[in-house]
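# Structural characterization, general
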Amino acid sequence: MNSLQRMATAAVGLVLCLATTGATTGALTGTATAAPVPHGTSKAACRLPAPQAPGTSASHTISSGGRDRTYQLHLPAGYAEKRDWPVILAFHGRGNTGAGTEEFSKLSTLPAVVVYPDGVIGTGDGDRQAWQGAPYAAAGVDDVRFTEDLLDRLESTLCLDERRVYATGKSNGAGFVSTLLACRMADRIAAIAPVAAALYPTGEPCEPSRPVPVIEFHGTGDVTIPYAGDADRGLPAIQDWLAEWAERNGCASRARDRVTEPDITVARWRGCDRGAEVRHVAVTDGGHTWPGADSYSGGGYTTQTIEAHEVMWQFLRPLRTPASPASPRH
């Protein structure tokens, strides 16, 4: 992108932000609506007023694919310091919401801008929101495009480090991150951290444009998404899926597993291309839950010996997407 294009893009971001800022408040239940704009304007966005008070969470709306889509946005308490912030995209499980995931995940306690998108109501019993790639997802909904549009909006209105965008999720949301988002958006997603991922086959090969680092959490006693897989639903064994990802990342070998807590075993694949490590955190007898959650996150045993948000952050925070000569980073 040349200088004239960057100036034009920044101007568009400024106009759209000023048009919507007045409709957004710092209240925990505030809402705002905006259309997406091209990404690459974070530096200009650092000069814009925050869309809500730092240290708060608020609901926002964006148009994508002909639909109004919602997401919960959390700004860290220090956001007003105006430095580039990393971004965590957190995708809820089937039937949950972004706000519900914020409650149990504790991701909003991290030094990052955290975004909790909402899925579209899918098929099956009840009005349950779901994500693309699962057999119960709503037909014709492009959640990858929605994520691209959402990132464009965030990068044009917030002071973000575009090279430090990370994606996590629970269950169906983790499956979406692992089987579609990381495969198609490796240029914008620095690393992923799925939790209890529902890894349904999507019918398309996973061919990311670069090796994507992964830290994955799963309970060995998960009866919803079994650790050993479920052939009837096309779900792979977690260990097989990890080995496949390690091969995709060109990892040379698997290190000796380490028991770090009485119920926690950590596996690591090393010697990976571009340092794109694959790491697995297995919770012995763990259920379909978020490790460390203090409120309900799924059925079965929830370990309290680790906090998933802290463990994944230690893994994610140094990772960045490669700098692009055509789009200078700052």
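These numbers come from a predicted model, not from an experiment.

Analysis parameters
- Residues numbered from 1 in each chain as written.
- Predicted model: local features only at pLDDT ≥ 70, side-chain atom pairs only at ≥ 80, totals over all residues.
- Heavy atoms only, no water.
- Phe/Tyr/Trp six-rings, centres within 6.5 Å; stacked < 30°, edge-to-face > 60°.
- Helix = DSSP H or I, 4+ residues; strand = E, 2+ residues; numbered from the N terminus.
- Buried < 20%, exposed > 50% of the residue type's maximum accessible area, 1.4 Å probe, protein only.
- Lys NZ or Arg CZ within 6 Å of the ring centre and 35° of its normal.
- Lys, Arg positive; Asp, Glu negative; His and termini not counted.
- Salt bridge = Lys/Arg side-chain N within 4 Å of Asp/Glu carboxyl O.
- Polar contact = N/O pair within 3.5 Å; in protein donor to acceptor, adjacent residues only side chain to side chain.
- Disulfide = S-S within 2.5 Å.
- Pairing = 2+ DSSP bridges.
- Right-handed = clockwise from strand over helix to strand, strands pointing away.
- pLDDT = per-residue confidence, 0-100.
- Contact = heavy atoms within 4.5 Å.
- 1 Å grid on protein atoms, 1.4 Å probe; cavity = no way out; pocket = protein on both sides within 12 Å on 5 of 7 lines; lining within 4 Å.
- Points joined across faces, edges and corners; volume = space filled by probe spheres on them.

## Remarks on the packing of aromatic side chains
For the structure on display, the rule yields 8 aromatic pairs. Both rings, one in F91 and one in F176, keep their centres 5.2 Å apart while their planes meet at 70 degrees; by these two values the pair is edge-to-face. Taken together, the residues F91 in strand β4 (residues 85–91) and F176 in helix α5 (residues 172–184) connect sequence positions 85 residues apart. Each member of the pair, F91 as well as F176, is classed as buried. Ring centres of Y166 and W313 lie 6.0 Å apart, and the angle between their planes is 80 degrees; on these two criteria the pair is classed as edge-to-face. Here Y166 is found in strand β8 (residues 160–170), whereas its partner W313 is found in helix α7 (residues 308–316), with 147 residues between them in sequence. Classification of W313 by relative accessible area gives buried; the value is 7%. Site record: aromatic cluster; members linked through ring pairs are F91, W131, F146 and F176. Just above the ring of F146 sits the side chain of R69; from NZ or CZ to the centre is 3.9 Å. Directly above the ring of W85 sits R83, whose terminal nitrogen or CZ lies 4.0 Å from the centroid.

## Brief notes about the side chain of R164
Along the chain, the position of R164 falls in strand β8. The charged side chain of R164 is buried without a salt bridge, its nearest counter-charge being D161 at 4.6 Å. A distance of 3.1 Å separates the side chain of R164 from the side chain of Y166, its partner in a polar contact.

## Let's talk about the state of the cysteines
Summed over all chains, the structure comprises 3 disulfides. C251 shares a disulfide with C272; S-S distance 2.0 Å. Between C251 and C272, the S-S torsion sits near 105 degrees, and that sign places the bridge as right-handed. Taken as a pair, C251 in the loop between α6 (238–248) and β11 (253–254) and C272 in the loop between β13 (264–270) and β14 (278–283) lie far apart in primary sequence, 21 residues in all. Among the residues examined, C272 registers a relative accessible area of 12% and is labelled buried. If one numbers only the bonded cysteines of the protein chain, in the order they occur, the disulfide pattern is 1-2, 3-4, 5-6.

## Looking at the pairing of β4
Across the 7 residues that make up β4, a large majority, 7, are buried. Pairing of β4 with β8 involves 6 bridges; the strand directions are parallel. Following the sheet pairing, A90 is matched in β8 by T168. Once the chain exits β4 it traverses helix α3 (residues 98–105) before rejoining the sheet at strand β5 (residues 113–117), and the crossover so formed is right-handed.

## Quick notes on unusual backbone geometry
Positive phi, close to 60 degrees, is recorded for S171, a residue that is not glycine. Accessibility expressed as a relative area gives 11% for S171, which makes it buried.

## Digging into the confidence of the model for the protein chain
Looking at the protein chain, the pLDDT average stands at 89 and 85% of residues meet or exceed 70. Between residues 1–40, whose pLDDT stays under 50, and residues either more than four places distant or in other chains, the model counts 68 contacts.

## So, the side chain of T303
Residue placement: T303 occurs in the loop between β14 and α7. Side chain to side chain, T303 and D263 meet in a polar contact 2.7 Å long. At 2.8 Å, the side chain of T303 and the side chain of T305 are in polar contact.

## A few points about the layout of surface pockets
Of the voids in this model, the largest pocket is the one considered here, and its volume is about 370 Å³. Along the walls of the largest pocket sit 21 residues, with G93, R94, K170, S171 and H288 positioned nearest its centre. At 3 residues, α3 tops the list of elements feeding residues into the lining of the largest pocket.

## With respect to the pairing of β8
With 10 of 11 residues buried, β8 lies mostly within the body of the structure. Direction of pairing for β8 relative to strand β9 (residues 191–195): parallel, over a ladder of 5 bridges. Its bridge partner lying in β9, K170 is registered against V195. For the segment spanning β8, α5 and β9, crossover handedness is right-handed.

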